[in-house]
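Fold and geometry: a report
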Amino acid sequence: MADSFKAIKVTPSVYWVGAIDWDIRNFHGYLTSRGSTYNAFLVVGEKVTLIDTVKAAFKDEMFSRIASVVDPQKIDYIISNHAEMDHSGCLPDTIAAVNPEKVFTSRMGQKALVEHFHMDASSLTPVDEGETVDLGGKKFTFVETKMCHWPDSMVSYLHDEAVLFSQDAFGMHLASHERFIDELDRGVTDYEAMKYYANILTPLGSFIEKTLTKVASLDLKIDVVAPDHGPLLRRGEDIGGVIEKYTKWAKQPPTDKVVVVYDSMWGSSQKMARAIEEGLSDGGAKVKMFPMHDSHRSDVITDLLEAGGFVVGSATMNNGILPSIADVMCYLKGLKPRNLVGGAFGSYGWSGEAPKILNATLEEMGVEIAAAPLRVMYVPDDKQISKSREFGLNIAKKMMAKL
Ligand SMILES: Cc1cc2nc3c(=O)[nH]c(=O)nc-3n(C[C@H](O)[C@H](O)[C@H](O)COP(=O)(O)O)c2cc1C
Ligand SMILES: [Fe+2]
Ligand SMILES: [Fe+2]
């Protein structure tokens, strides 16, 4: 029943008119185990402004929420902060339905929207970096946030109520009826915010750092952060907290946490992993083990975001690595986690390529190799178990030396 959806008032003139996706579990390879929301906002003054839209399939839900506040035909302006389709998917239909006076977007946003929807560029009004507009008594300033998340990304700041519409930044994939982070379980939101950053923003740390510095220099008073996914933030401690976390994640300083990723066919590489875990722990590292036969790549990168060590192991199969390890390494290589110390290991039968291949991948990823690849022919004996422990201990020592 599309018309049963209601808007939620988030400040005196801002309404949340987005959509809740309770069902989504896969966001281009990121396991969204708690679903997500696509947030769109209606700012109602003398004129009505819609900020962002939702994924195409959720258009009716958005329109139904808008209609609970105002006739959608009354929308005068649309601001498109980000061209990715989870936020722009129903923009062409929305423009056609409400015929707004203007659709504001960054210059790169104009180009990206034209390339996505093959719309007429003149139907979009590009805004300049730092430009301020008055939309029916509501003053907005636009700030480019290139590569946070895409080249077109920008944020919009509503002066009257000090609301920062931050598109993908400061968001999380979390479906909930509650609209504010302070209404939700802190452990859950902390984890989902970190998982979101890890899976979406890890490779963009240098852009995030620059953007955070630029936004700080504008000295904006921010009472509410309204991202495009998940809950909004309205308490100073939550807003300060997430900015502090983004500042840290953008740098990825070394820590005492180490992520061990492995898979095994007959249990030998697994035995090595267990001994390595003991060595790492003996060396003072905090170990997170990921047996990849049943772990998800997106949980691995979440832990790796705050790690100082990364150890990977695979049995050799058909002169290569196991498919589960190839999957996670392909994903992690693209996300470019930084400041890691590590090593590779694995059991083999005759040719034993896997640890060498993994060691080369670690090097390509910029991981500092703390111990030469550790290989065991078939099943490890006591001596080889001790060697595995030593391998872990050596990696932990190198990690600790960086703290
Ligand atoms: C399907 C299959 C293919 C394999 N291919 C290779 C190979 O190309 N080179 C090699 O050194 N060992 C190969 N092996 C042997 C395994 O690497 C060896 O049994 C190893 O001890 C398995 O470690 P795991 O107990 O951790 O699975 C293969 C084993 C299987 C079952
Ligand atoms: Fe995005
Ligand atoms: Fe998004």
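Everything below is about the structure shown above.
In this text, all values refer to a predicted model and were calculated from it rather than measured experimentally.

1. Describing the coordination of the iron ion (ligand 3)
- Protein-derived ligands of the iron ion (ligand 3) are D86 (OD), H87 (NE2), D168 (OD) and H229 (NE2), with the metal-ligand distances lying across 2.1 to 2.3 Å.
- Taken together, the 4 donor atoms coordinating the iron ion (ligand 3) span angles of 85 to 176° at the metal, a pattern that classifies the geometry as irregular.
- Coordination of the iron ion (ligand 3) draws on donor residues from a single chain, spaced D-H-x80-D-x60-H in sequence.
- Between the two metals, the iron ion (ligand 3) and the iron ion (ligand 2), the spacing is 3.6 Å, and D168 donates to both. Residue D168 is located in the loop between strand 15 (163–167) and helix 5 (186–201), and its partner H229 is located in the loop between strand 16 (224–227) and helix 7 (236–251); the two are separated by 61 residues in the primary sequence.
- Given the relative accessible area of 2%, D168 is considered buried.
- For H229, a relative accessible area of 1% gives the class buried.

2. Focus: the sheet that holds strand 1 (residues 8–11)
- The strand order 1-2-7-8-9-10-11 describes an open sheet built from 7 strands, whose pairing is mixed. A strand with exactly one partner marks an edge of an open sheet, and here the two such strands are strand 1 and strand 11 (125–127). Sheet twist, expressed as the mean angle between neighbouring strand axes with direction ignored, is 25°.
- With 4 bridges joining them, strand 8 (residues 48–51) and strand 9 (residues 75–80) adopt parallel strand pairing. Bridge pairing in strand 9 links T49 to Y77.
- Against the sheet, helix 3 (residues 91–98) contacts strand 8, strand 9 and strand 10 (102–106), and its axis sits at roughly 165° relative to strand 9.
- Packing against the sheet, helix 4 (residues 107–117) makes contact with strand 9, strand 10 and strand 11, and its axis sits at approximately 110° to strand 10.

3. Observations regarding the site of ligand 1
- Taken together, 18 residues sit near ligand 1, with M265, N319, S347, S351 and G352 positioned nearest.
- Here S351 contributes a side-chain N or O atom positioned 2.7 Å from a nitrogen atom of ligand 1.
- Summarising the interface, the protein chains cover 85% of the accessible area of ligand 1, which totals 640 Å² for the free molecule.
- Within the residue set of the shell around ligand 1, elements represented by two or more residues are helix 8 (268–282) and strand 20 (341–348).
- Among the residues forming the shell around ligand 1, the class breakdown is 7 nonpolar, 11 polar and no charged.

4. Remarks on the pairing of strand 20
- Most of strand 20 is tucked away: 8 of the 8 residues are buried.
- Two strands pair when backbone bridges link them, and strand 19 (residues 309–314) and strand 20 are joined in this way by 5 bridges, in the parallel orientation. Pairing of V312 across the sheet is with A344, part of strand 20.
- The β-α-β motif built from strand 19, the intervening helix 10 (residues 323–335) and the parallel element strand 20 has right-handed crossover chirality.
- One ladder, built from 2 bridges, connects strand 20 with strand 21 (residues 368–369); its direction is parallel. Each residue of the ladder has a partner; that of V341, found in strand 21, is E368.
- In this view, the connection linking strand 20 to its parallel neighbour strand 21 by way of helix 11 (residues 354–364) has right-handed handedness.

5. A short note on the coordination of the iron ion (ligand 2)
- Donor atoms from the polypeptide that bind the iron ion (ligand 2) are H82 (NE2), E84 (OE), H149 (ND1) and D168 (OD), placed at 1.9 to 2.3 Å.
- Donor residues for the iron ion (ligand 2), ordered by position in the chain, follow H-x1-E-x64-H-x18-D.

6. Examining the sheet that holds strand 14 (residues 154–158)
- Strand order in the open sheet made by the 5 strands is 12-13-14-15-16, with mixed pairing throughout. The strands lining the two open edges of the sheet, one partner per strand, are strand 12 (132–135) and strand 16. Each adjacent strand pair in this sheet contributes to an overall mean axis angle of 25°, direction not counted.
- Direction of pairing for strand 15 relative to strand 16: parallel, over a ladder of 4 bridges. Of the residues in strand 16, the one forming a bridge with V163 is V224.

7. What to know about the packing of helix 5 against helix 7
- Running from N to C, helix 5 and helix 7 point in directions that differ by 40°, and their axes come no closer than 11 Å. On the basis of their axis angle, the class for helix 5 and helix 7 is oblique. In this structure, the crossing between helix 5 and helix 7 has a hand that is right-handed. Contact residues: helix 5 offers D190, A193, M194, Y196, Y197 and L201, while helix 7 offers K245, Y246, W249 and A250.
- Its residues assigned to classes, the contact of helix 5 with helix 7 comprises 8 nonpolar, no polar and 2 charged.

Basis of the calculations
- Residues numbered from 1 in each chain as written.
- Chains lettered and ligands numbered in written order.
- Predicted model: local features only at pLDDT ≥ 70, side-chain atom pairs only at ≥ 80, totals over all residues.
- Heavy atoms only, no water.
- Donors = N, O, S within 2.8 Å, 3.2 Å for Na, K, Ca; no water.
- Tetrahedral: all angles 85-135°; square planar, octahedral: opposite > 155°, others 65-115°.
- Helix = DSSP H or I, 4+ residues; strand = E, 2+ residues; numbered from the N terminus.
- Buried < 20%, exposed > 50% of the residue type's maximum accessible area, 1.4 Å probe, protein only.
- Pairing = 2+ DSSP bridges.
- Axes fitted to C-alpha atoms, helices over the stretch in contact; angles between N-to-C directions.
- Contact = heavy atoms within 4.5 Å.
- Near = heavy atom within 4 Å.
- Polar contact = N/O pair within 3.5 Å; in protein donor to acceptor, adjacent residues only side chain to side chain.
- Areas by Shrake-Rupley, 256 points an atom, 1.4 Å probe, with all protein chains shown as cover.
- Nonpolar A, V, L, I, M, F, W, Y, C, P; charged D, E, K, R; others polar.
- Right-handed = clockwise from strand over helix to strand, strands pointing away.
- Parallel < 35°, antiparallel > 145°, perpendicular 65-115°, else oblique.
- Left-handed = near helix turned anticlockwise from the far one by under 90°.

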